[in-house]
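# Structural overview
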Amino acid sequence: MLPIIALLGRPNVGKSSLFNRLVRQNKAITHDLPGVTRDRIYGEVTEEDVRFAVIDTGGMLPDATELDGGGMDKSVFEQATEALYEADVALFVVDGREGMTMLDQAVSEKIRASGKPVLLVVNKVDGPEQEAKATADFHALGFEIATVSAAHGYGLNSFRERIAELAKPFVTPEPPSGPELGLKLCMLGRPNAGKSSLVNTLVGAARQIVSDVAGTTRDSVDVGFEKDGRRYTFVDTAGVRRRAVITDHLEKLSVYRALSSSKRADVTILVLDAMEGLSHQDKRLIAYLAEQRTPFMVVVNKLDLVHKERLEELREAYGEALRICSHVPVLYLSALTGAGTHKILPLAEEIRRECVIRIGTGALNRAMSEAITKHQPPVIRRRRAKFYYLTQADEDPPMFVFFVNDADLVTAAYGKYLENQLRKLLGIKKAPLAAVFRSSHEKKEPERPLTNRPPRLGKSRRDMEAAKVDQPPKLGKPGKSGKASSGKARATSKKSAGARTAPSRKKG
C-alpha cells in the first residue's frame, strides 16, 4: 500500500496546478474559475526512491454542510473529507498573495482535528524576496511552512524532497504475490447517463459525486479497486455533448479529456440512458469508437425505469445503430438497483483477452484457404484477386494483413466477408479486428482495352516508309496494267479536250 498525500484547501488556491507539477503531467484540469475540481483525482509520484500517491481534492467549504441541502459544495466537501481520512500526510495549500482568510482558518481547524502530519504550502510565491511577506500571516497556525509557485516552478525541487521525507515513514513493503495488474476501464457517455453511479455500484463505495445535475463530473477521475485478486481502474469521465451546444471553454477541455481517456483505456464502457433512447450524439460516439478501433461495450443504464413493452423496441434500435460494428456486446442493467452490473467485469476481461490474442501464421493461412474456398473473390475488370498468404501484423487490437497480387481487386464487400470469416474461424467475437490488403509486388501497367480493329503488328511507320524508297517499283500483271494505262489515257484526253473547247463555248 502506497503512502497517500492529500492536497487540501479552500477553492482557487492552486491545488490542481500543484498536483500536476507533482505527478509531472496535466492530469487535473486547471482554470481560473473557482470550484473546477470536484471529485478526488489520484496520481503516483516517485521521489528520492520513495513512491507515494497524491490526491487532488476540490475546494473545501466547511459552511456548506450547515446550509439547507448543501448542494454541490456539500458533496465536494465530503469528497475532500474522505481524502483527508484516507491520507497519511495532509498538504494544506493556501494563497500567498491574498494572505490568510477566515475560510483558511476554518479549513485549518478541520485538518488539525484529523491528527495527521500537516505541511502548510504557501502557493503563488514567485521568488525568495516575496517569502517573508507571503508567509507572515500563516505562522500563527503553527504548521511547518513550505513556499512554492506551482505556476512558475519556484521551490518545487526542495518541496518534492520534503514530501518524500514525510511519506517515507509510511512506506510498507509490497507483498511478493500482490494482486495481478488488472484492466483500465473508461466510462464514456452523454451527461447524466449514470456513469458515476455505475462506478460507485461496481466499487461498492461512494467514490464519485452523483447528482441529477448534468455535468457534475469534470475531470477524468481514476478509481482503483481490487476484486477476486484482480486490480481494476475505472476512469470516470465528463459527459460528452454535441460540439454545437458547447460554449464553455472548461466543458470543451473536459470533453477532450474524456475522448483521450477512451484511447488510453484497455476497454471503454459506453453508458447510454434507456429513458432518453438512442440519440444522435449516442450514434456519433458509437461511430467514433468504431472508427478508432477502440475495444468497447455498450451499457444501457436505468433499465428499472423502462416499461417491459418498450424493452424490445430499445433492443431493435440499439441493434440497428450497432450494424457498423456488430461485434460490440450490449448489456441492459440498472446502476441504481445493481441488476445486471455483475456482467460488466467478466465481459471486459473477455474483450481484453481477445484483443491481445496472437495466432500463428499456419493457423491463419488455413483459415484464409477455408474462407476463400467457400467463396471466391469477385472478378474485377476481367481479373480476380489472387491471395498468397496471411499474417498477423499487430495486436491490441489484432490486425491481419492479406498479401494479394493487386489490393484494388478486393472489394469492400469481400473484405467484410473475410473479416467475418476470420472472426468465426479464429474465435474473435467481441474485440475490434482490422483486415488490411496489401499488394505483394508493384502493379503492372494497366492493360489497354481491346477495340474492334486489331492492333498493328510489324515495323513502325518510319521504317516502312524507308523500306519503300529503297525497293524498286513493282510490276503489275499484263492484263491489269493495260487496263490501268488505257483508263489513265482516256482521263487525260478528256481533260485536254475540255480545256480546248472552253473558250469557244464562252464565245458562243
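Now for a look at the structure at hand. All of these numbers come straight from a predicted model, not from anything done at the bench.

## A closer look at the packing of helix H11 (residues 361-374) against helix H12 (residues 412-426)
Between H11 and H12, whose axes approach to 10 Å, the crossing angle comes to 130°. Judged by the angle between their axes, H11 and H12 are oblique. Our pair here, H11 against H12, has a crossing hand that is right-handed. On the side of H11, the interface is formed by Leu364, Ala367, Glu370, Ala371, Ile372 and Lys374, while H12 contributes Tyr414, Tyr417, Leu418, Gln421, Leu422, Lys424, Leu425 and Leu426. The residue inventory of the contact of H11 with H12, partitioned by class, reads 10 nonpolar, 1 polar and 3 charged.

## Remarks on the sheet that holds strand S2 (residues 41-47)
Taken in spatial order, the 6 strands line up as S2-S3-S1-S4-S5-S6 in an open sheet, and their pairing is mixed. With one partner strand each, in any of the chains shown, S2 and strand S6 (144-147) form the two edges of the open sheet. Pairs of neighbouring strands in the sheet enclose a mean axial angle of 25°, with direction left out of account. With 7 bridges connecting them, S2 and strand S3 (residues 50-56) associate as antiparallel partners. Counterpart to Gly43 in the pairing with S3 is Val54. Contacts between helix H1 (residues 15-23) and the sheet are confined to strand S1 (4-8), S2, S3, strand S4 (89-95) and strand S5 (118-123), with S2 contributing the most and set at about 45° to the helix. Sheet contacts for helix H3 (residues 102-113): S1, S4 and S5; angle to S4, the most-contacted strand, approximately 175°.

## Let's talk about the sheet that holds strand S16 (residues 399-404)
One open sheet accounts for 3 strands, arranged S15-S16-S17; its pairing is mixed. Both edges of this open sheet fall to strand S15 (387-394) and strand S17 (434-439), since each of them pairs with a single strand only. Across the sheet, the axes of successive neighbouring strands diverge by a mean angle of 25°, strand direction being ignored.

## A closer look at the pattern of salt bridges
The final tally for this structure, using the stated rule, is 20 salt bridges. Here Arg10 and Asp104 are joined by a salt bridge, their closest N and O atoms 2.9 Å apart. Taken together, the residues Arg10 in the loop between S1 and H1 and Asp104 in helix H3 connect sequence positions 94 residues apart. Residue Arg24 is joined to Glu47 by a salt bridge in which the shortest nitrogen-to-oxygen separation is 3.8 Å. One end of the pair, Arg24, is in the loop between H1 and S2; the other, Glu47, is in strand S2, and 23 residues separate them in sequence. For Arg24, a relative accessible area of 53% puts it in the exposed group. When salt bridges with common partners are traced through the structure, they connect Arg10, Glu98 and Asp104 into a single cluster.

Calculation notes
- Residues numbered from 1 in each chain as written.
- Predicted model: local features only at pLDDT ≥ 70, side-chain atom pairs only at ≥ 80, totals over all residues.
- Heavy atoms only, no water.
- Axes fitted to C-alpha atoms, helices over the stretch in contact; angles between N-to-C directions.
- Helix = DSSP H or I, 4+ residues; strand = E, 2+ residues; numbered from the N terminus.
- Parallel < 35°, antiparallel > 145°, perpendicular 65-115°, else oblique.
- Left-handed = near helix turned anticlockwise from the far one by under 90°.
- Contact = heavy atoms within 4.5 Å.
- Nonpolar A, V, L, I, M, F, W, Y, C, P; charged D, E, K, R; others polar.
- Pairing = 2+ DSSP bridges.
- Salt bridge = Lys/Arg side-chain N within 4 Å of Asp/Glu carboxyl O.
- Buried < 20%, exposed > 50% of the residue type's maximum accessible area, 1.4 Å probe, protein only.

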